[in-house]
Amino acid sequence: MNQTDTDRWKSEVLNQVFQALISSPEINESLIFKGARILNLLLKDERQSLDIDSNLAIEFTRRFPLKDAQQRFLEHHVAPALSRYFNRQEPVRYELKSVSVEPSKSHPRGWDSFTLWIGIIDHRKSNVRSLPSLEVDIAAPEELNNHSIAILTVGANRFCAYTAERIAGEKMRAFLSTLSSYRKKMKKPGEAVRAKDLHDLVRILRAHPIREIAFWKEVGIQFKMACKSRYVDCAGWITFQENWEFTKAAYEKDARLKESIPFAEAESALHSIVSLFENIGIVPLEFPLPE
């Protein structure tokens, strides 16, 4: 398969994997789903999503405080959930080949996470020698409030997911976490600027214009909570402008981003949001590292 066909296949099969996970009561009690797939649902958009993003629920980590126990739980429940879901289909197209629960290296701040790598046999692709593995990211839990999470429904299944306000706030925090000042503060290696987060903020702003003050005030609250949980500082627009030429270059290097939403619109959208945050006192933010 070429890259276009591979991406299309991954997105389609991940839709099935997602359905399998949310149909499992054990997984539903353990994970809170977020990211592009949830944003697509909230915006009623059918864009491709090439992974599944989630956080461990705080209640889950209270039940299983040790990382080894968390890993054993996931290993015990994920594979049966996928197999049950695939085997119910008629005809059976997908077969579970493998599931690997890969823990991150122990984080000095305790922000340990996992990645699920899932191998699938597609009986309609028997002529394809090696299908790509599928990825489910499971991040460490974060502080949330009643406006961070909503109960969503897909098919017959209800599950916990981030709200649009939380996703917007977290995307702004995630963008700042890739800038050099934060990397220096946390003594972490460099990583690519998250230009796609700016693209997604425009999508949210188109659905919820800045005149929806109550919505964006809540985004500001979620942004502040997200920054606090990861010690991300923000002085305002000047912080987002750090190495702005690299942000622009990264955005315009991705043809899918710049063809969908011009960088000028992304810059204008971000500026309008941050300006509102400055006006209502959300920023500046400063969270010193604990000694």
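Residues numbered from 1 in each chain as written. Predicted model: local features only at pLDDT ≥ 70, side-chain atom pairs only at ≥ 80, totals over all residues. Heavy atoms only, no water.

Participant: How do you make sense of the overall build of the protein chain when you look at a structure like this?
Facilitator: Check the secondary structure of the protein chain and you find 13 helices and seven strands. Its C-alpha atoms give the protein chain a radius of gyration of 20 Å, near enough to 19 Å, the size a compact globule of 291 residues would have. Taken over the C-alpha atoms alone, the protein chain extends approximately 55 × 45 × 35 Å along its principal axes. Split into buried and exposed, the 291 residues of the protein chain put 49% on the buried side. Long-range pairs, those at least 24 residues apart, make up 68% of the contacts in the protein chain between residues at least 6 apart in sequence. In the form shown here, the protein chain has an accessible surface area of approximately 14900 Å², with 49% of it arising from carbon and sulfur atoms. (Helix = DSSP H or I, 4+ residues; strand = E, 2+ residues; numbered from the N terminus. Rg over C-alpha atoms; globule rule 2.2 N^0.38 Å. Buried < 20%, exposed > 50% of the residue type's maximum accessible area, 1.4 Å probe, protein only. Contact = heavy atoms within 4.5 Å. Areas by Shrake-Rupley, 256 points an atom, 1.4 Å probe, with all protein chains shown as cover.)

Participant: What should I look at first to understand the pairing of strand 7 (residues 157-162) in this one?
Facilitator: Consecutive side chains along a regular strand alternate between the two faces of the sheet. Pairing geometry for strand 6 (residues 149-154) and strand 7, over six bridges, is antiparallel. Each bridged residue has a counterpart across the sheet, and for Ala 150 the counterpart in strand 7 is Ala 161. Counting the residues between successive antiparallel strands, the hairpin from strand 6 to strand 7 contains two residues, one of them, Gly 155, with a positive phi of roughly 65 degrees. (Pairing = 2+ DSSP bridges.)

Participant: What exactly am I supposed to notice about helix 11 (residues 244-253) here?
Facilitator: For an α-helix, 3.6 residues make a turn, and residues three or four places apart therefore share a direction. Buried within helix 11 are the following residues: Trp 244, Thr 247 and Tyr 251. The arc that holds the buried residues of helix 11, viewed along the axis, is 55 degrees, so those residues lie on one side. Turned more than 90 degrees from where helix 11 packs its buried face, Glu 245, Phe 246 and Lys 253 sit exposed. Those residues of helix 11 hidden inside the fold are in contact with helix 6 (164-177), helix 8 (195-207), helix 10 (237-240), helix 12 (255-260) and helix 13 (263-280). (Arc of directions from axis to C-beta.)

Participant: Can you help me understand the side chain of Arg 183 in this one?
Facilitator: Its place among the elements puts Arg 183 in helix 7 (residues 180-186). A distance of 2.4 Å separates a polar side-chain atom of Arg 183 from the backbone oxygen of Thr 178. Residues contacting Arg 183, with those up to four places away along its chain left out, are Ser 177, Thr 178, Lys 188, Pro 189, Gly 190 and Glu 191. (Polar contact = N/O pair within 3.5 Å; in protein donor to acceptor, adjacent residues only side chain to side chain.)

Participant: Is there a simple way to think about the environment of Pro 141 in this case?
Facilitator: Within the secondary structure, Pro 141 sits in the loop between strand 5 (134-139) and strand 6. For Pro 141, a relative accessible area of 24% corresponds to the partly exposed category. Aside from chain neighbours lying at most four places away, what touches Pro 141 is Asn 55, Leu 56, Ala 57, Ile 58, Thr 61 and Arg 230.

Participant: How do you make sense of the nonpolar core when you look at a structure like this?
Facilitator: It is characteristic of soluble globular proteins that their nonpolar side chains tend to be buried jointly. The biggest cluster of nonpolar side chains holds 83 residues, and the ones touching the most others in it are Val 17, Phe 223 and Phe 240. The residues contacting Phe 223, other than those within four sequence positions of it, are Gly 169, Met 172, Arg 173, Leu 176, Cys 234, Phe 240, Phe 277, Ile 282, Val 283 and Leu 285. (Core = buried A, V, L, I, M, F, W, Y, C linked by side-chain atoms within 4.5 Å.)

Participant: Help me out: how do you make sense of the pattern of salt bridges in this one?
Facilitator: Side chains that differ in charge, positive against negative, can pair when their charged atoms come close. Evaluation of the coordinates by the stated rule reveals 18 salt bridges. Between Lys 34 and Glu 170 there is a salt bridge; the shortest N-O distance is 3.0 Å. A residue pair is termed long-range when its members are at least 10 positions apart, and Lys 34 in strand 1 (residues 31-34) and Glu 170 in helix 6 qualify at 136 residues. Each member of the pair, Lys 34 as well as Glu 170, carries the same accessibility label: buried. Arg 256 serves as the salt-bridge partner of Asp 254, at 3.9 Å between the closest nitrogen and oxygen. Among the ionic contacts, a cluster of salt bridges with common partners joins Asp 45, Arg 47, Lys 171, Arg 194, Lys 196, Asp 197, Asp 200 and Arg 203. (Salt bridge = Lys/Arg side-chain N within 4 Å of Asp/Glu carboxyl O.)

Participant: Can you walk me through the packing of helix 8 against helix 11 in this structure?
Facilitator: Remark: helix 8 packs on helix 11, axes separated minimally by 8 Å, with the N-to-C direction vectors making an angle of 75 degrees. As far as their axial angle goes, helix 11 and helix 8 are roughly perpendicular. Here Ala 195, Leu 198 and His 199 of helix 8 come into contact with helix 11, specifically with Trp 244, Thr 247, Ala 250 and Tyr 251. Of the residues belonging to the contact of helix 8 with helix 11, the class tally is five nonpolar, two polar and no charged. (Axes fitted to C-alpha atoms, helices over the stretch in contact; angles between N-to-C directions. Parallel < 35°, antiparallel > 145°, perpendicular 65-115°, else oblique. Nonpolar A, V, L, I, M, F, W, Y, C, P; charged D, E, K, R; others polar.)

Participant: Mind showing me how you'd approach the packing of aromatic side chains here?
Facilitator: Each aromatic ring pair is specified by the distance between its two centres and by the angle formed by the two planes. Here the structure, examined in full by the defined rule, presents 17 aromatic pairs. With centroids separated by 6.0 Å and ring planes inclined at 5 degrees, the aromatic side chains of Phe 175 and Phe 240 adopt a geometry described as stacked. Linking Phe 175 in helix 6 with Phe 240 in helix 10, this pair joins segments that are 65 residues apart in sequence. Here Phe 175 falls in the buried class, since its relative accessible area comes to 1%. Overall, Phe 240 belongs to the buried group, its relative accessible area being 1%. For the pair Trp 244 and Phe 263, a centre-to-centre distance of 5.6 Å together with 45 degrees between the ring planes defines the contact as tilted. (Phe/Tyr/Trp six-rings, centres within 6.5 Å; stacked < 30°, edge-to-face > 60°.)

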